[in-house]
Amino acid sequence: MPAMGDRCVRVTVLPGCVGCRTVTVPASGTARDLKERIFAETGFPVSEQRLWRGDRELSDCVKIGDLTSENCHLFVNLQSKGLKGGGRFGQTTPPLVDFLRDILRRYPEGGQILKELIQNAEDAGATEVKFLYDETQYGTETLWSKDMAPYQGPALYVYNNAVFTPEDWHGIQEIARSRKKDDPLKVGRFGIGFNSVYHITDVPCIFSGDQIGMLDPHQTLFGPQESGQCWNLKDDSKEISELSDQFAPFIGIFGSTKDTFINGSFPGTFFRFPLRLEPSQLSGNLYNKQKVLELFDSFKADADTVLLFLKSVQDVSLYVREADGTEKLVFRVTASENKALKHERPHSIKILESAISNYCKKIPSNSVTCVTYHINIVLEDESAEDARNTSWLVCNSVGGRGISSKLDSLADELKFVPIIGIAVSLASTDDEDKGAASGFSGKAFCFLPLPPGEESRTGLPVHISGFFGLTDNRRSIKWRELDQWRDPAALWNELLVVNVVPKAYATLILDSIKRLETEKSSDFPLSVGTIYKLWPEASKIKVHWQPVLGPLFSELFQNAVIYTISHEWVKLEQVYFSELDDSLEYTKAVLNYLQSSGKHIAKVPANLLAAVELAAGPGVTPARKVTPAWVRQVLRKAAHVGSAEDKLRLLEFVLSDQAYSELLGLELLPLQNGNFVPFSSSVSDQDVIYITSEEFPRPLFPGLEGRLLLQNLKPHLLAALKEAAQTRETG
């Protein structure tokens, strides 16, 4: 304990054996006491410590107070005996700037930076995010130091309506380790996300609740080895008032006023990133208004999907404030629900949160929890007169504890949760053929869209989001290639694709069918064609997503997923597929007859027929098609009772495969008297049907209209019947 009146001295131990740290010790304490303090904090034995001030090694008995004048900050170096002989030895971390520079080398610049900041807002439970480029030049008279002047000019601001927690303030200072790893429910849990802002700035600033913090990775602005400074609006109000220019950029923006500082709290969070105008040790990347607007444009490229899989953030807007103070909206994207379905999404999110909680608590469940909801995403662009509204159906799912023991063990090891989302674009107000109704290109998400490029394409007709293990730079999903065959995150991704994606995907399709049936009277943007285009086409699927197909089709074909020409949804085993050409005259007559006979007939696109073929096997009915042979079977059980014209068209179809021996018994042979008689193999005179010709014209057979083939048949039909007659079976 310091003696009465004993002053305290701040001592910073410069990076060496135990890293940089600052401690407060009594002036009466000795160098030995300081060594004991270091031992207590680090376990570095006192006997191995050597303290230096400049080029002088400090003896154990020297008093700390003798080394510095009053109110002075003392800096000492710590070395180990091991540096000159036996003793402690080990590796050290690189300087902060070097560490961050390495992150920037690996981490993508561009719109992905803005997505990372949206992730931070999502983690915090914010519902709104705003980006603002501000050209204002603030004063430089009353600053912490003259070195702060370059950071009073143009800046990028990022606002969200959630307040930093103590854990957030602590976590943002720990750049080498993401605190979110302890909480698998956080989206942006991968550590390097926030640090991508160093592409833009050297001095990130944070204003949230009752505190303002400024980071300085160069450790030059706030004192030697100090990497930042923080002020409390109440406790440091006097200093804040004296440094009015320093804090002016935090007033008059996002609702922050002078009263906010007086009251001591801002009800939200905003970051200020002064643009880097000169190259620094951290980066030579310079920013100006044009580059910020390019950043905005790269974000806008896939902004219509940014909100698809987020549960909190529903509004993102981008603004520019000119030097004269005028402010304008550049772009905005919002997610909302139809009035009739406004409770659907919140209710779904509650179900998901419960399933996630149960998984994390290791509560057994051998099923996948799936919820589906509809959302509208509205895009407002300064360059467009009208807002663009896109409509989406989203299925989110959580795998249960027990569907895969390998998945569960990896989840515990990696602190992951088996979450999968599937989304399909239905239609937009300005383009009825958009989305699933056109050439939709499915992409991969990790809650937010992965950077555009070939690696993010799946080949599926839906977007897929998942709690995927990503590469270090978060550009792509890890897969078990040769160089990472044993990578647990890559194995996790493969298990997720096989065990959870098919169930979620199938649920989206089945729910679409259900909605189409129940929403028929409304303007809900769904059609049979839209639903069929949700089915993946094997030839287009990227190799890592191919394992989805088998389990998906198996799941779907257990349900009524085929739409008949009678406007019913039926199961695969109930249906026959028609590939008949609609332009042929007999097609309508054949299909009408089959319908009237109680048969389920469907006309489906090629991708669905291919799915049937791919799924064929034990327990799955192969594709059964409308063929002349099958129609002849049906005719034997249910005679055609339609018009003579339809009978002729049916005859034309059953003759088309030239299987004349299978015509026996079919009552489709047309006579001149208007009757139809069965095809027969009898050779008795009373059963013979005559075909007239130029050699034997019709007048030669008076009174035999009941024994003559119908006149004026189509030439190819007549030719087929003649050919049939020449076979002894149809005499």
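Residues numbered from 1 in each chain as written. Predicted model: local features only at pLDDT ≥ 70, side-chain atom pairs only at ≥ 80, totals over all residues. Heavy atoms only, no water.

### A short note on empty space enclosed by the protein
All chains considered together, the criterion is met by two cavities of 30 Å³ or more. The computed volume of the largest cavity comes to approximately 50 Å³. Surrounding the largest cavity, Gln 112, Lys 115, Glu 116, Gln 119, Leu 448, Pro 449, Leu 450, Leu 470 and Arg 474 form its lining. Those elements that place two or more of their residues in the lining of the largest cavity are helix H3 (111-123) and strand E18 (448-449). In terms of residue count, the dominant contributor to the lining of the largest cavity is H3 (four residues). For the lining of the largest cavity, the per-class residue count stands at four nonpolar, two polar and three charged. Volume-wise, the second largest cavity comes out at about 30 Å³. Surrounding the second largest cavity, Met 148, Tyr 151, Gln 152, Cys 205, Met 214, Gln 246, Phe 250, Arg 272 and Pro 274 form its lining. (1 Å grid on protein atoms, 1.4 Å probe; cavity = no way out; pocket = protein on both sides within 12 Å on 5 of 7 lines; lining within 4 Å. Points joined across faces, edges and corners; volume = space filled by probe spheres on them. Helix = DSSP H or I, 4+ residues; strand = E, 2+ residues; numbered from the N terminus. Nonpolar A, V, L, I, M, F, W, Y, C, P; charged D, E, K, R; others polar.)

### A closer look at the environment of Ile 251
Looking at where Ile 251 falls in the secondary structure, it is placed in the loop between helix H6 (244-247) and helix H7 (258-263). Here Ile 251 is in contact with Ser 256, Thr 257, Lys 258 and Phe 261, once residues within four sequence places are set aside. (Contact = heavy atoms within 4.5 Å.)

### A short note on the pattern of salt bridges
One pass over the structure, following the stated rule, counts 38 salt bridges. Lys 328 serves as the salt-bridge partner of Glu 382, at 3.7 Å between the closest nitrogen and oxygen. Taken together, the residues Glu 382 in the loop between strand E14 (368-381) and strand E15 (388-399) and Lys 328 in strand E13 (residues 327-336) connect sequence positions 54 residues apart. Judged by its relative accessible area of 47%, Glu 382 falls in the partly exposed class. Among the ionic pairs, Asp 511 bridges to Arg 515, the shortest N-O distance being 2.3 Å. You can see Asp 511 and its partner Arg 515 sitting in helix H13 (residues 501-518), four residues apart, about one turn around the helix. A residue is classified by how much of its surface remains accessible, and Asp 511, at 17% relative accessible area, is buried. Here Arg 515 falls in the buried class, since its relative accessible area comes to 7%. (Salt bridge = Lys/Arg side-chain N within 4 Å of Asp/Glu carboxyl O. Buried < 20%, exposed > 50% of the residue type's maximum accessible area, 1.4 Å probe, protein only.)

### Examining the packing of H3 against helix H8 (residues 289-300)
Axes are the key here: two packed helices are described by the angle between their axes and the distance separating the axes. Packing of H3 against H8 leaves a shortest axis separation of 7 Å and a crossing angle of 70 degrees. The pairing of H3 with H8 is recorded here as roughly perpendicular in orientation. Residues Gly 111, Ile 113, Leu 114, Lys 115 and Ile 118 of H3 form the contact with H8, whose participating residues are Leu 295, Phe 296, Ser 298 and Phe 299. (Axes fitted to C-alpha atoms, helices over the stretch in contact; angles between N-to-C directions. Parallel < 35°, antiparallel > 145°, perpendicular 65-115°, else oblique.)

### Things to note about helix H15 (residues 549-556)
Among the residues of H15, Leu 549, Leu 552, Phe 553 and Leu 556 are the ones counted as buried. End-on view of H15: buried residues confined to an arc of 90 degrees, all on one side of the axis. Considering only its buried residues, H15 is in contact with H13 and helix H17 (606-615). (Arc of directions from axis to C-beta.)

### Quick look at the nonpolar core
Of all hydrophobic cores here, the largest spans 135 residues; its most connected members are Ile 562 and Phe 577. Among the elements that make up this core, the one with the highest residue count is H13 (eight residues). Setting aside residues no more than four positions away along its own chain, Ile 562 makes contact with Tyr 532, Phe 557, Glu 568, Trp 569, Val 570, Leu 572, Val 575, Phe 577, Ala 602, Val 604 and Leu 608. Counting residues in hydrophobic clusters, the runner-up holds 30 residues, among them Val 590, Tyr 593, Val 654 and Ala 724. (Core = buried A, V, L, I, M, F, W, Y, C linked by side-chain atoms within 4.5 Å.)

### Looking at helix H19 (residues 644-655)
Taking 1.5 Å per residue, twelve residues should reach 16 Å; H19 reaches 16 Å between its end C-alpha atoms and fits that length. Of all the residues in H19, the buried ones are Lys 647, Leu 650, Leu 651, Glu 652, Phe 653, Val 654 and Leu 655. The secondary structure elements touched by the buried residues of H19 are helix H16 (585-596), helix H18 (628-637), strand E24 (669-670), strand E25 (676-677) and helix H20 (715-725). (Expected span 1.5 Å × (residues − 1).)

### Concerning the confidence of the model for the chain
Put simply, the chain has an average pLDDT of 86, and 87% of its residues get 70 or more. Segment residues 429-437: pLDDT under 50, and 21 contacts once partners within four positions in sequence are set aside and those in other chains are kept. (pLDDT = per-residue confidence, 0-100.)

### A few points about the pairing of strand E8 (residues 205-209)
Among the five residues in E8, five count as buried, and that is most of the element. Two strands pair when backbone bridges link them, and E8 and strand E9 (residues 211-215) are joined in this way by four bridges, in the antiparallel orientation. The residue bridging Phe 207 from the neighbouring strand is Ile 212, located in E9. Between E8 and E9, which pair antiparallel one after the other, the connecting turn spans one residue. (Pairing = 2+ DSSP bridges.)

### As for the packing of helix H11 (residues 405-414) against helix H12 (residues 488-499)
At a closest axis distance of 10 Å, the pairing of H11 and H12 adopts a crossing angle of 140 degrees. For the element pair H11 / H12, the angle class is oblique. Regarding H11 and H12, the two cross each other, and that crossing is left-handed. Along the contact surface, H11 presents Lys 406, Leu 407, Leu 410, Ala 411, Glu 413 and Leu 414, while H12 presents Pro 488, Ala 489, Leu 491, Trp 492, Leu 495 and Leu 496. Split into classes, the residues belonging to the contact of H11 with H12 amount to ten nonpolar, no polar and two charged. (Left-handed = near helix turned anticlockwise from the far one by under 90°.)

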